[in-house]
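Chains, contacts and geometry: an overview
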Amino acid sequence: MADTSKPTAAVPTAPDAVLEALRGAVASVEAAVVRLEGDDAAPGTVDRVLDLAGAEPAGDIVATHNVLTRAASIADHTGGLPDRDWQSIADLGEVLARTVTRLRGHVSSSLDDLGLDAAVGEHVELLQKVAVEEALGETLQLLVIVEDCLFLWHRVHLARTPDDELRDALTSARQVLADHFTQDAELLRRARAALARFAEGTPIEVVRRLSSGRTTKVLAGLRQDFDDFRWACRADEAGWLDDEDPVIAEALDSMSSPLKAVGGVLGDVFERGRARVTETWSRSEASESAASESAASESAASASAASGSADSGSTASGSDESTTAGSDDRQ
């Protein structure tokens, strides 16, 4: 695998450019919100992640993001924010900065736990452990929301800062952006390289590794979390993966079809085998459906015949009764 290091990304210096960078650093938090608080999310996921990271409780982080989004919109349109509104969010800057640091630290330590020297099988087992027990994917998703909150806060802070204090405010905002461009980029590259190791080894080893439904589910979940983080941070636009080893991208792309990870002739054999099995199942289902329809038709015909016999019996009985009655009258 390639070295995941990359030179420090350039950070703008002009006030307007810094504001624009803060606005565009995160594309959207929608996927992160759904992942952490959607219908399929476990209750208390945010609190669990913060606890694992050793961060202080954040309350309703989505509500906080909404408040900051509104404040930043007001600042953009009016050039400032009323004192009363500012006082309610003024202290959030330091809290958010500490939380971002804690979340990054947790992701980094979780990746450290995987060990570069571990055998592939052991590595995949450890990867599943940090995914489930250390909430690796959820931590990255929460990092997106908290960081965007921090970027929003800095936009409001810059709008309210007097000219004689603007230099320090810009320095602080630029540092936040620099950490994002370097540290978050590094975390993404390390996470992708760690996940890509599932495809290492012989074809038989890869097949055996992917034979567990639990393993493939966990790995696919991590892949989705990493992709969400990548998209939210505009990683491709920022060039975060420009120097990534192509082997990593190929391995991760193969997760959409595990048989691709096997590769070569063996992969073709498995693909043809799966196609034959699918075709057999389809024929079997068609035969069962036809048999069911035939049985239903026969049953309906039998019922109709039985009904006809009953009607004939009733008619005959009525005729006998009429004949007997007529005979009795004559007597």
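Model, not experiment: these values are computed from the prediction.

1. Quick look at the overall build of the protein
- In terms of regular secondary structure, the protein is built from 15 helices and zero strands.
- Going through the 331 residues of the protein one by one, you find that 38% of them count as buried.
- In the protein, the proportion of contacts linking residues at least 24 apart, taken out of those at least 6 apart, comes to 82%.

2. Concerning empty space enclosed by the protein
- For the structure shown, the criterion picks out two cavities of 30 Å³ or more.
- There is about 30 Å³ of room inside the second largest cavity.
- When grouped by side-chain class, the residues that make up the lining of the second largest cavity number six nonpolar, two polar and one charged.

3. Notes on unusual backbone geometry
- At Ala 135, a position not held by glycine, the phi torsion is positive, near 50 degrees.
- Take Ala 135: it is sitting in the loop between helix H7 (120–132) and helix H8 (136–160).
- By relative accessible area, which is 0% here, Ala 135 ends up buried.
- If you check the backbone angles, Arg 234 has positive phi at about 50 degrees while not being a glycine.
- One can find Arg 234 in the loop between helix H11 (213–232) and helix H12 (235–238).

4. Comments concerning the environment of Val 176
- With respect to the secondary-structure elements, Val 176 resides in helix H9 (residues 166–196).
- On a C-alpha basis, the gap between Val 176 and Ala 97 in space is 8.4 Å, while along the polypeptide they are 79 residues apart.
- Leave out the neighbours within four places in its chain, and Val 176 touches Leu 150, Phe 151 and His 154.

5. Examining H8
- Across its 25 residues, H8 extends 36 Å between first and last C-alpha, which sits within 8% of the 36 Å expected from 1.5 Å per residue.
- Within H8, 22 of the 25 residues are buried, which leaves it mostly tucked inside the rest of the structure.

6. Observations concerning the layout of surface pockets
- Quantified by volume, the second largest pocket comes out at close to 270 Å³.
- Taken together, 16 residues make up the lining of the second largest pocket; nearest its centre are Val 34, Arg 35, Asp 40, Ala 41 and Ala 42.
- Looking at the lining of the second largest pocket, the elements that each hand over two or more residues are helix H2 (30–37), helix H3 (45–53) and H11.
- When its residues are assigned to classes, the lining of the second largest pocket shows five nonpolar, four polar and seven charged.

7. Description of the nonpolar core
- Counting 80 residues, the largest nonpolar core has Ile 61, Leu 103, Leu 142, Leu 177, Leu 195, Phe 229 and Trp 240 as the members making the most contacts within it.
- Examining the composition of this core, we find that 15 residues originate from one element, H9, more than from any other.
- Beyond its immediate sequence surroundings of up to four residues, Ile 61 is in contact with Glu 37, Val 46, Leu 142, Ile 145, Val 146 and Cys 149.

8. With respect to the confidence of the model for the protein
- Taken over all residues, the pLDDT of the protein has a mean of 82, while the share at 70 or more is 74%.
- Here residues 261–267 is modelled with pLDDT under 50, and outside its nearest four sequence neighbours on either side it reaches 10 contacts, counting other chains as well.

9. Looking at the side chain of Asp 245
- Checked against the element boundaries, Asp 245 lands in the loop between H12 and helix H13 (246–253).
- No salt bridge is formed by the buried Asp 245. Its closest oppositely charged neighbour is Arg 192, at 10 Å.
- Polar side-chain contacts of Asp 245 include one of 2.9 Å to the backbone nitrogen of Val 247.

10. Focus: H13
- Residues of H13 that are buried: Ile 248, Ala 251 and Leu 252. The buried residues of H13 occupy one face: seen down the axis, they fall within an arc of 95 degrees. Every exposed residue of H13 that faces more than 90 degrees away from the buried side is listed here: Pro 246 and Glu 250.
- Elements that come into contact with the buried residues of H13 comprise H9 and H11.
- With a side-chain oxygen lying 2.9 Å from the backbone nitrogen of Val 247, the N-terminal cap of H13 falls on Asp 245.

11. What to know about the packing of H9 against H11
- Between H9 and H11, the shortest axis-to-axis distance is 11 Å and the interhelical angle comes to 155 degrees. Taken together, the axis directions place H9 and H11 in an arrangement best described as roughly antiparallel. Here H9 and H11 pass one another in a crossing that is left-handed. Listed contacts from H11 to Asp 184, Leu 188, Ala 191, Arg 192 and Leu 195 of H9 are Leu 219, Leu 222, Arg 223, Phe 226, Asp 227, Phe 229 and Arg 230.
- Classifying every residue of the contact of H9 with H11 gives seven nonpolar, no polar and five charged.

Analysis parameters
Residues numbered from 1 in each chain as written. Predicted model: local features only at pLDDT ≥ 70, side-chain atom pairs only at ≥ 80, totals over all residues. Heavy atoms only, no water. Helix = DSSP H or I, 4+ residues; strand = E, 2+ residues; numbered from the N terminus. Buried < 20%, exposed > 50% of the residue type's maximum accessible area, 1.4 Å probe, protein only. Contact = heavy atoms within 4.5 Å. 1 Å grid on protein atoms, 1.4 Å probe; cavity = no way out; pocket = protein on both sides within 12 Å on 5 of 7 lines; lining within 4 Å. Points joined across faces, edges and corners; volume = space filled by probe spheres on them. Nonpolar A, V, L, I, M, F, W, Y, C, P; charged D, E, K, R; others polar. Expected span 1.5 Å × (residues − 1). Core = buried A, V, L, I, M, F, W, Y, C linked by side-chain atoms within 4.5 Å. pLDDT = per-residue confidence, 0-100. Lys, Arg positive; Asp, Glu negative; His and termini not counted. Salt bridge = Lys/Arg side-chain N within 4 Å of Asp/Glu carboxyl O. Polar contact = N/O pair within 3.5 Å; in protein donor to acceptor, adjacent residues only side chain to side chain. Arc of directions from axis to C-beta. Axes fitted to C-alpha atoms, helices over the stretch in contact; angles between N-to-C directions. Parallel < 35°, antiparallel > 145°, perpendicular 65-115°, else oblique. Left-handed = near helix turned anticlockwise from the far one by under 90°.

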